[in-house]
Amino acid sequence: MDRRSLLRYGASAAVLAFVGLNAAWVATRFRRQLPQTTAAGGNAGAAGKALVATSKVPVGTGIVIDGASPIAVVQPKAGDFVAFSAVCTHAGCTVAWAGSGFSCPCHGSTYDAAGKVTHGPAARPLSAVPVRVEGDNVVRG
Ligand code: FES
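Every value quoted in this text rests on a predicted model; they were computed, and no experiment measured them.

Cut-offs used in this document
For every chain, the first residue of the written sequence is number 1, and numbering continues from 1 onward in sequence order. Owing to the predicted nature of the model, reporting of local features is limited to residues with pLDDT of at least 70; listing and counting of side-chain atom pairs is limited to 80 or more, with chain, interface and lining totals taken over all residues. Whether two strands pair depends on DSSP finding at least two bridges between them. Each helix is a run of H or I in the DSSP string that is no shorter than four residues. Each strand is a run of E no shorter than two, and both are numbered from the N terminus. Helix axes use the C-alpha atoms of the stretch in contact, all axes being lines fitted to C-alpha atoms, and the angles between their N-to-C directions lie in the range 0 to 180 degrees. By definition, a nonpolar core groups buried Ala, Val, Leu, Ile, Met, Phe, Trp, Tyr and Cys residues that are joined through C-beta atoms within 7 Å. Each residue is classified by how many other C-beta atoms fall within 10 Å of its C-beta atom, where C-beta atoms are placed from the backbone; a count of 20 or more means buried, 12 or fewer means exposed, and values in between mean partly exposed. Residues are scored as being in contact if the C-beta atoms we place from backbone atoms lie within 7 Å.

## Quick notes on the sheet that holds strand β11 (residues 131-134)
And step 1. With respect to topology, three strands assemble into an open sheet ordered β2-β12-β11, the strand pairing being antiparallel. Among the strands making up the open sheet, the edge pair consists of β2 (50-53) and β11. Averaged over all pairs of adjacent strands, the angle between their axes in this sheet comes to 30°, without regard to strand direction.
And step 2. Where β11 and strand β12 (residues 137-140) come together, four bridges link them in antiparallel fashion. Across the sheet, the residue bridging to V131 is R140, located in β12.

## Here we look at the nonpolar core
It is characteristic of soluble globular proteins that their nonpolar side chains tend to be buried jointly.
And step 1. With 28 residues, the main nonpolar core has V64, I71, A72, V73, A83 and V95 as its most contacted residues.
And step 2. Of all the secondary structure elements, the ones that give two or more residues to this core are β2, β3 (62-65), β4 (71-77), β5 (80-85) and β6 (96-97).
And step 3. Here this core gets four residues from one element, more than from any other, and that element is β4.
And step 4. Setting aside chain neighbours within four positions, we find V95 in contact with V64, A72, A86, C88, F102, S103, C104 and Y111.

## Some thoughts on the environment of D112
And step 1. By the secondary structure assignment, D112 is in strand β8 (residues 110-112).
And step 2. Along the chain, D112 and S100 lie twelve residues apart, while their C-alpha atoms are 6.6 Å from each other.
And step 3. Leave out the neighbours within four places in its chain, and D112 touches G101 and T118.

Now the structure itself:
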């Protein structure tokens with residue numbers, strides 16, 4: 001490999017590293033958490049583990065459970081719990097409960113309580129997460 005090729009490959013590698021680091025920074029920046037609408041839930045991603053006490057999700061409301069994969073839990077009618085990934089389908093920010101659905105703090109997307117997009121830029125619904133009630137808890141799985 002001659003000197004010119006070595007310089008060309010080195011410059012390409014530097015550009016790729018720069019782009020990769022910026023992509024990682026953007027992903028981290030847009031994964032903000034909203035403490036006023038979230039609950040601690042260190043095991044939110046584990047199937048069969050309790051996500052949240054049923055009492056923490058009153059009928060007609062939702063809550064976002066923090067974790068590596070934040071999960072939104074909603075109780076649309078008494079005893080009926082549904083859950084979604086709380087990661088906005090636009091660019092990956094964590095959504096927050098906003099009265100009758102979820103909103104994204106990053107670019108303003110909104111979702112209804114069933115996870116469907118009601119306002120963009122997000123184009124896809126929140127991903128459903130299977131849950132069931134076990135005792136006094138909403139459990140993943
Ligand atoms: S990341 Fe949610 S609207 Fe852009």
